[in-house]
Amino acid sequence: MPVLPGAEPYRHEGGETGVLLCHGFTGSPQSLRPWAEHHAAHGLTVSLPLLPGHGTRWEDMQVTGWQDWYAQVDRELRLLADRCSRVFVGGLSMGGALALRLAARHGERVTGVVVVNPANRVHGLSAYALPAARHLVRTRRGIAGDIAKGGAAELGYDRVPLHAAHSLRVFLRRLDGELPQVTQPLLLLRSARDHVVPAADSARVLSRISSVDVTEVVLEQSYHVATLDHDADRIFEESLAFIGRLAPSVGKEGTAAVG
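Residues numbered from 1 in each chain as written. Predicted model: local features only at pLDDT ≥ 70, side-chain atom pairs only at ≥ 80, totals over all residues. Heavy atoms only, no water.

**Student:** I'd like to hear about the packing of helix α4 (residues 94–106) against helix α6 (residues 162–178), residue by residue, with values.
**Tutor:** At a closest axis distance of 10 Å, the pairing of α4 and α6 adopts a crossing angle of 40°. With respect to α6, the element α4 is oriented oblique. When the axes of α4 and α6 are compared, the crossing they make is left-handed. Here Met94, Ala97, Leu98, Leu100, Arg101, Ala104 and Arg105 of α4 come into contact with α6, specifically with Leu168, Phe171, Leu172, Arg174, Leu175 and Glu178. In the contact of α4 with α6, the residues fall into nine nonpolar, no polar and four charged. (Axes fitted to C-alpha atoms, helices over the stretch in contact; angles between N-to-C directions. Helix = DSSP H or I, 4+ residues; strand = E, 2+ residues; numbered from the N terminus. Parallel < 35°, antiparallel > 145°, perpendicular 65-115°, else oblique. Left-handed = near helix turned anticlockwise from the far one by under 90°. Contact = heavy atoms within 4.5 Å. Nonpolar A, V, L, I, M, F, W, Y, C, P; charged D, E, K, R; others polar.)

Structure, rendered in structure tokens:
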């Protein structure tokens, strides 16, 4: 199936500091494209991949799982690490969870982590029924588009394939056990009102990681997809400042045209 217009992956060749951004479950690179372009405009090398099964139709996602999604970002990280002297990882929701696993497994190869409303578990009683329900019901109502800002929209599926949701649940439970291996500096930004991922998920992440350099920022004006919401500019600026603190050459390599 062709990729939906706007859901294409994004890459930009910049300086010696690289940033890998990971989009969320049933979403696409469109939700993080402004964030990626902001960092590219400041001279960073940026990779924003399209995860397998995403950006086309939900039926394509039904036959993928967390191993496929993680393998994609793992490959992208390795490519960035070969190209750049420092690499940062970041993401939204499930993308934040993927970024945390990259940090846990790759150690010093990852300089720092930036997560926005990171997912830590699949919530609700229905989550416990997923192992059986996924064989009886193919989908449930979608989760895309939780944005407070009028006129803003997220390009994502209107249905959640339950086989994929079950795989996400398995992944998040596995990641929870790996969080103590995260030791890198961490910037966590969470929305005060999020109808998809509760604040408890961010609290759990912060309680489990081993990082000493940790900053938490509460976004008062945004819902779940904060990277397209009222606080988007704050996310871009806070993350760029975080990267610049840990990679002082950022901003001194010159700006580059976005493309």
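**Student:** Before we move on, can you summarise the side chain of His54 with the specific residues and values?
**Tutor:** Take His54: it is sitting in the loop between β3 (45–48) and α2 (58–61). His54 sits in the buried class, given a relative accessible area of 2%. Excluding residues that lie within four positions of it along the chain, His54 makes contacts with His23, Gly24, Phe25, Thr26, Gly27, Met61, Trp69, Met94 and Tyr157. (Buried < 20%, exposed > 50% of the residue type's maximum accessible area, 1.4 Å probe, protein only.)

**Student:** Explain the sheet that holds strand β9 (residues 214–219) to me, using residue names and the numbers behind them.
**Tutor:** Strand order in this open sheet of seven strands is β1-β3-β2-β4-β5-β8-β9, and the pairing throughout is mixed. Looking at strand neighbours, the two that pair on one side only are β1 (10–12) and β9, the edges of this open sheet. Each neighbouring strand pair of the sheet contributes to a mean axis angle of 15°, computed without reference to strand direction. Note that strand β4 (residues 86–92) and strand β5 (residues 112–116) share five bridges and pair parallel. Looking at the pairing, Gly91 lines up with Val115 of β5. Along the sheet face, helix α3 (residues 66–83) touches β1, β2 (17–22), β3 and β4 and points at about 170° away from the line of β2. Docked against the sheet, helix α7 (residues 199–208) engages β8 (186–191) and β9, running at close to 165° with respect to β8. (Pairing = 2+ DSSP bridges.)

**Student:** Quick rundown of the packing of aromatic side chains? Include the residues and the values.
**Tutor:** Inspection of every chain in the model, using the stated rule, returns three aromatic pairs. Judged by centre distance (5.5 Å) and plane angle (25°), the ring pair of Trp66 and Phe171 falls under stacked. A residue pair is termed long-range when its members are at least 10 positions apart, and Trp66 in helix α3 and Phe171 in helix α6 qualify at 105 residues. For the pair Trp66 and Phe171, a shared accessibility class is recorded, and that class is buried. Taken together, a centroid distance of 6.3 Å and an interplanar angle of 75° make the contact between Phe88 and Phe242 edge-to-face. With Phe88 in strand β4 and Phe242 in helix α8 (residues 232–246), the pair connects residues that are 154 residues apart, well separated along the chain. It is Arg101 that lies over the ring of Tyr70; its NZ or CZ is 4.6 Å from the centre. (Phe/Tyr/Trp six-rings, centres within 6.5 Å; stacked < 30°, edge-to-face > 60°. Lys NZ or Arg CZ within 6 Å of the ring centre and 35° of its normal.)

**Student:** Please set out the environment of Thr17 residue by residue, giving values where relevant.
**Tutor:** Position of Thr17 relative to the elements: it lies in strand β2. When its relative accessible area of 1% is taken as the criterion, Thr17 is described as buried. Separated by 90 residues in the primary sequence, Thr17 and Gly107 place their C-alpha atoms 17 Å from one another.

**Student:** I'd like to hear about the packing of α3 against α6, residue by residue, with values.
**Tutor:** Two elements in contact, α3 and α6, have axes whose closest approach is 8 Å; the angle formed by their N-to-C orientations is 60°. Along its contact with α3, which presents Trp66, Gln67 and Trp69, the element α6 presents Ala164, Ser167, Leu168, Val170, Phe171 and Arg174.

**Student:** Which residues make up the nonpolar core, and what values go with them?
**Tutor:** Phe25, Trp69, Leu98, Leu100 and Val113 are the most contacted members of the largest nonpolar core, which has 45 residues in total. Contributions of two or more residues to this core are made by β2, α2, α3, β4, α4, β5, α6 and β8. The element that contributes the greatest number of residues to this core is α4, accounting for eight residues. With near-sequence residues (within four places) excluded, Val113 lies in contact with Val89, Ala99, Leu100, Ala103, Gln184, Pro185, Leu186, Leu187 and Phe242. By size, the runner-up hydrophobic cluster in this structure holds 31 residues, among which are Leu21, Leu32, Val46 and Leu189. (Core = buried A, V, L, I, M, F, W, Y, C linked by side-chain atoms within 4.5 Å.)

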